[in-house]
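One-letter residues, chain by chain:
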Amino acid sequence: MAMITTQRCLPQAFFHITERTTSLSSFKLQGQSKFRRVIKMSATELTNSRISYESFAIQPPLHPTYDLKGIIKLALAEDAGDRGDVTCLATIPFDMEVEAYFLAKEDGIIAGIALAEMIFDEVDPSLKVKWSKNDGDFIHKGLQFGKVHGRAHNIIVAERVVLNFMQRMSGIATLTKAMATAAHPAYILETRKTAPGLRLLDKWAVLIGGGRNHRMGLFDMVMIKDNHISTAGGVTNALRAVDLYLEQKHLHMEVEVETRTLDEVKEVLHYASQTKTSLTRIMLDNMVVPLPNGDVDISMLKEAVQLVNGRFDTEASGNVTLDTVHKIGQSGVTYISSGSLTHSVKALDISLKIDTELALKVGRRTGRA
């Protein structure tokens, strides 16, 4: 199988390895009983790195404070604790080198390849990783789509962290691809219903799956929701307060307002017709009505879209599933948002195996290869 050798894709994080005689967090190496190995991780600045975001097949969304490398370090530290991989230390000669292969155990969209590169680089920059697929490509059950060569210790240390991220991201990308295809001509969006601490990765997976990103957080878009409206004393009061705030702060950003009734839609449109406003999008929330037979009634949604008549982007929210998204997409809305893309994702089954022949044999026995 032809493999694609990928470049390292993020600011390089590397190990400083020193040998000391005492350390609370150190552990003995085989054949080096006189010394203890202390591994201390640090990262170079982006400007000093041979890795760049531009080399990603699909770049992650922007975030001003998110520390992607910090998340990786946290995941590795969570696994290693204060002793490292005691099983590897007990069973595998430290200098032994192996090849391990990525195997798909079900069909789906692969995501997290660029992130896996970063994790392997964090654990051991000398590991050599090759892929036959890129982020966003379709993989089928039984496919060998990548391999990593180097010290067995370090491959196994990285294995579960790599797979945990890749499986979640691939599950999100797979569902996003299906929903984005069904939603056309509307665009599919995720929401802020992401795993705490993993928001950038969850939203990156949505991009890889062919969706678009909603706001990253509370900081990059004004989104006037029901609780803001209730507290402000109504839709008009909330919109007026936002316009005044943005003007006073000299801020230019997208503004979305949630509407729950056709009367609220009309109120928003009336305000916008009378006042210069920063409003860019109207959310049409829960205007998709579920029916007893499992279908949905989108007549209210379509009426709302007709009322807006292209003056603003529109976003349908609520009762969005893989079964309903196609019908919703035919209503004329610009966007469809679904929290299910990230809050209840099913991970895609992927493994990393040194003995692929036995792994495939077992997989066929259990229907997973």
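Definitions and cut-offs
- Residues numbered from 1 in each chain as written.
- Predicted model: local features only at pLDDT ≥ 70, side-chain atom pairs only at ≥ 80, totals over all residues.
- Heavy atoms only, no water.
- Helix = DSSP H or I, 4+ residues; strand = E, 2+ residues; numbered from the N terminus.
- Buried < 20%, exposed > 50% of the residue type's maximum accessible area, 1.4 Å probe, protein only.
- Contact = heavy atoms within 4.5 Å.
- Areas by Shrake-Rupley, 256 points an atom, 1.4 Å probe, with all protein chains shown as cover.
- Pairing = 2+ DSSP bridges.
- Axes fitted to C-alpha atoms, helices over the stretch in contact; angles between N-to-C directions.
- pLDDT = per-residue confidence, 0-100.
- Salt bridge = Lys/Arg side-chain N within 4 Å of Asp/Glu carboxyl O.
- Core = buried A, V, L, I, M, F, W, Y, C linked by side-chain atoms within 4.5 Å.
- Phe/Tyr/Trp six-rings, centres within 6.5 Å; stacked < 30°, edge-to-face > 60°.
- Expected span 1.5 Å × (residues − 1).
- Arc of directions from axis to C-beta.

Each helix and strand in the protein was counted, giving twelve helices and 18 strands. The buried share of the protein, taken over its 369 residues, is 47%. Across the protein, the fraction of contacts at a sequence separation of at least 24, relative to all contacts at a separation of at least 6, is 76%. When the accessible surface of the protein is summed, it comes to about 18500 Å², and 52% of that surface belongs to carbon and sulfur atoms.

Take the sheet that holds strand E11 (residues 222-224) next. The parallel open sheet is built from six strands, whose spatial order is E10-E17-E16-E13-E12-E11. Two strands lie at the open edges of the sheet, namely strand E10 (187-189) and E11, each paired on one side alone. Strand-to-strand twist in this sheet, taken as the mean axis angle between neighbours without regard to direction, amounts to 25°. Two strands pair when backbone bridges link them, and strand E12 (residues 255-259) and strand E13 (residues 279-285) are joined in this way by five bridges, in the parallel orientation. Residue pairing in the sheet places Val-257 in a bridge with Ile-282 of E13. Contacting E13 and strand E16 (313-317), helix H9 (residues 299-308) crosses the sheet at an angle of about 165° to E13.

Structurally, Met-223 can be placed in strand E11. When the C-alpha positions of Met-223 and Glu-256 are compared, they lie 4.7 Å apart, and in sequence the two are 33 residues distant. Those residues in contact with Met-223 that sit more than four places away from it in its chain are His-214, Arg-215, His-228, Glu-256 and Met-283.

Detailed reading of predicted coordinates is not advised where the pLDDT is low. Of all residues in the protein, 85% have pLDDT values of 70 or greater, and the mean over the chain is 87. Under a pLDDT of 50 for its full length, residues 5-50 has, in the predicted model, 113 contacts with residues more than four places off or in other chains.

What follows deals with the pattern of salt bridges. As enumerated under the stated definition, the model contains eleven salt bridges in all. Linking Arg-151 and Asp-95 is a salt bridge whose minimum nitrogen-to-oxygen distance equals 3.0 Å. Taken together, the residues Arg-151 in strand E9 (residues 144-151) and Asp-95 in the loop between helix H2 (86-91) and strand E5 (97-104) connect sequence positions 56 residues apart. Taking the relative accessible area as the measure of exposure, Arg-151 reaches 28% and is therefore partly exposed.

As a further point, take the environment of Phe-138. Along the chain, Phe-138 falls in strand E8 (residues 138-139). By relative accessible area, which is 47% here, Phe-138 ends up partly exposed. Between the C-alpha atom of Phe-138 and that of Thr-174, which follows or precedes it by 36 residues, the distance is 8.7 Å. Among all residues touching Phe-138, those that are not within four sequence positions of it are Asp-107, Gly-108, Ile-109 and Lys-133.

Okay, the nonpolar core next. The nonpolar side chains of a soluble globular protein tend to be buried, and buried together. Counting 54 residues, the largest nonpolar core has Phe-102, Phe-120, Phe-145, Leu-201 and Trp-204 as the members making the most contacts within it. Elements with a contribution of two residues or more to this core: helix H1 (68-80), E5, helix H3 (113-123), strand E7 (128-131), E9, helix H4 (152-183), helix H5 (199-208) and strand E18 (350-353). Excluding residues that lie within four positions of it along the chain, Phe-145 makes contacts with Phe-102, Leu-103, Ala-104, Ile-110, Trp-131, Ser-132, Lys-133, Ile-139, Met-166 and Ile-350. One finds Met-179, Ile-229, Ala-272 and Leu-301 within the second-largest nonpolar core, a separate group that totals 41 residues.

Attention shifts here to unusual backbone geometry. At the junction of His-184 and Pro-185, the peptide bond is cis and its omega measures out at 15° in the coordinates. On the secondary structure map, Pro-185 appears in the loop between H4 and E10. Within the chain, Asn-286 stands out as a residue other than glycine whose phi angle is a positive 55°. Along the chain, the position of Asn-286 falls in the loop between E13 and strand E14 (289-290). The phi angle at Asn-309 is positive, at roughly 55°, despite the residue not being glycine.

Here the focus is the packing of aromatic side chains. Applying the stated rule across the entire model yields six aromatic pairs. Between Phe-102 and Phe-120 the ring centres are 6.3 Å apart and the planes differ by 75°, which places this aromatic pair in the edge-to-face class. Note that Phe-102 is positioned in strand E5 and Phe-120 in helix H3, a separation of 18 residues in sequence. As far as burial versus exposure is concerned, Phe-102 and Phe-120 are alike and both buried. The interplanar angle of 20° and the centroid separation of 6.2 Å between the aromatic rings of Trp-131 and Phe-145 together place this pair among those described as stacked. Residue Trp-131 is found in strand E7, and its partner Phe-145 is found in strand E9; the two are separated by 14 residues along the sequence. Here Trp-131 falls in the buried class, since its relative accessible area comes to 0%.

Before going further, it helps to spend a moment on H3. For H3, a buried count of eleven out of eleven residues is recorded, marking the element as mostly surrounded by other parts of the structure. Of the residues making up H3, those classed as buried are Ile-113, Ala-114, Leu-115, Ala-116, Glu-117, Met-118, Ile-119, Phe-120, Asp-121, Glu-122 and Val-123.

An ideal rise of 1.5 Å per residue puts 18 Å on 13 residues; H1 measures up with 19 Å between its terminal C-alpha atoms. Listed as buried for H1 are Leu-68, Lys-69, Ile-71, Ile-72, Ala-75 and Leu-76. Viewed along the axis of H1, the buried residues span an arc of 160°, placing them on a single side of the element. Along H1, exposed side chains directed more than 90 degrees from the buried face belong to Leu-74 and Glu-78. Positive backbone phi, at 60°, marks Gly-81, one or two positions downstream of H1.

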